[in-house]
Amino acid sequence: MKRIAFWALIAQLAASLAAPVFAQTTAPEGGSLAENVKALRSYAPKTNPGRTDFSATDRAAIANQIYAYSFAYDNADADAWFNLFTPDAVFVAGVPGETPVAFSGEGFRAFWTARLNTFRASGNLRRHLMSNILFLEQTADTAHVSVVGLLTNAKDGKTFSDVTSLNYEGWLVKGPDGWKIQRWHDFPDSVVPQQ
């Protein structure tokens, strides 16, 4: 029963229900344990964050891609959400005190599609407020970002609550269709409460 509760938490990390924290030794179907991945705790860019030698157009497109991530997930639109990622994307999800889980390929799509479908039926309406995007590195075709924000929840149009602060880290690449997420780390700052 504990293992089921843990995976309910992982299922909704980006915007969902959660369960109590306890040790796990196996990953859900479609995922693998990512023992060497940690939440980003140092936000210092390697170069002056006030420099001006970057493409403002690219930077705006990257920010819009990150905002689209939130809108697609919050509206449980799996197709739109997956379209924001490269075909070889790696998505790592973790919560404090637990070993993170990495998803890629068909396992990534299957696991998160099921979770988005479950979330859509839950009666909860989550909203990601992606307030701070810091560019740690940016080249003509790659970007490394830190994103912090707030996750909120409304239940059946009656109750509103803050859920947790968010700690994301992303690596994006520019291709023929514009910017896509190649790797994403999802580490909320606290366990997401069940209710």
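Quick look at the structure, then. (Residues numbered from 1 in each chain as written. Predicted model: local features only at pLDDT ≥ 70, side-chain atom pairs only at ≥ 80, totals over all residues. Heavy atoms only, no water.)

## A word on the pattern of salt bridges
Pairing is possible between side chains that carry opposite charge, provided their charged atoms lie close to one another. Applying the stated criterion to the full structure yields 3 salt bridges. One salt bridge in this structure joins Arg51 and Asp53, with 2.8 Å as the shortest N-O distance. Residue Arg109 is joined to Asp79 by a salt bridge in which the shortest nitrogen-to-oxygen separation is 3.7 Å. Taken together, the residues span a long stretch of sequence, with Arg109 in helix 4 (residues 105-120) and Asp79 in helix 3 (residues 78-82) at a distance of 30 residues. Owing to a relative accessible area of 33%, Arg109 belongs among the partly exposed residues under this scheme. (Salt bridge = Lys/Arg side-chain N within 4 Å of Asp/Glu carboxyl O. Helix = DSSP H or I, 4+ residues; strand = E, 2+ residues; numbered from the N terminus. Buried < 20%, exposed > 50% of the residue type's maximum accessible area, 1.4 Å probe, protein only.)

## Considering the pairing of strand 2 (residues 85-93)
By the bridge criterion, 5 bridges tie strand 2 to strand 7 (residues 178-186) in an arrangement that is parallel. Pairing of Val90 across the sheet is with Arg183, part of strand 7. In this sheet, strand 3 (residues 101-104) lies alongside strand 2 in antiparallel orientation, the contact comprising 4 bridges. What sits directly across from Ala93, in strand 3, is Val101. (Pairing = 2+ DSSP bridges.)

## A word on helix 4
The terminal C-alpha atoms of helix 4 lie 23 Å apart, and with 16 residues this matches the ideal 22 Å at 1.5 Å per residue to within 8%. The complete set of buried residues in helix 4 reads Gly107, Phe108, Phe111, Trp112, Leu116 and Phe119. One face of helix 4 carries all of its buried residues, which in axial projection span an arc of 145°. (Expected span 1.5 Å × (residues − 1). Arc of directions from axis to C-beta.)

## Digging into the nonpolar core
If you look at the biggest cluster of nonpolar residues, it comprises 34 residues, and the most contacted ones within it are Tyr69, Trp81, Phe85, Phe91, Trp112 and Trp184. At 5 residues, the largest contribution of residues to this core is made by helix 2 (residues 56-74). Beyond its immediate stretch of four places on either side in the chain, Phe85 contacts Tyr69, Phe91, Phe108, Lys180, Ile181 and Trp184. (Core = buried A, V, L, I, M, F, W, Y, C linked by side-chain atoms within 4.5 Å. Contact = heavy atoms within 4.5 Å.)

## Structural notes on the environment of Thr118
Position of Thr118 among the secondary structure elements: in helix 4. Along the chain, Thr118 and Ala76 lie 42 residues apart, while their C-alpha atoms are 9.1 Å from each other.

## Topic: the packing of aromatic side chains
Each aromatic ring pair is characterised by the separation of its centres together with the angle its planes make. For the coordinates displayed, the defined rule picks out 20 aromatic pairs. A centroid spacing of 5.8 Å and a plane angle of 65° characterise the contact between Tyr69 and Tyr168, whose relative ring orientation is edge-to-face. Here Tyr168 lies in strand 6 (residues 159-175) and Tyr69 lies in helix 2, a separation of 99 residues in the sequence. By the ring-pair criterion, three or more aromatic residues cluster together here, those being Tyr69, Tyr73, Trp81, Phe82, Phe85, Phe91, Phe103, Phe108, Phe111, Trp112, Tyr168 and Trp184. When the ring centre of Phe54 is taken as reference, the NZ or CZ atom of Arg59 above it lies at 3.6 Å. Stacked on the ring of Phe135, the Lys or Arg Arg59 has its end atom at 4.1 Å from the ring centre. (Phe/Tyr/Trp six-rings, centres within 6.5 Å; stacked < 30°, edge-to-face > 60°. Lys NZ or Arg CZ within 6 Å of the ring centre and 35° of its normal.)

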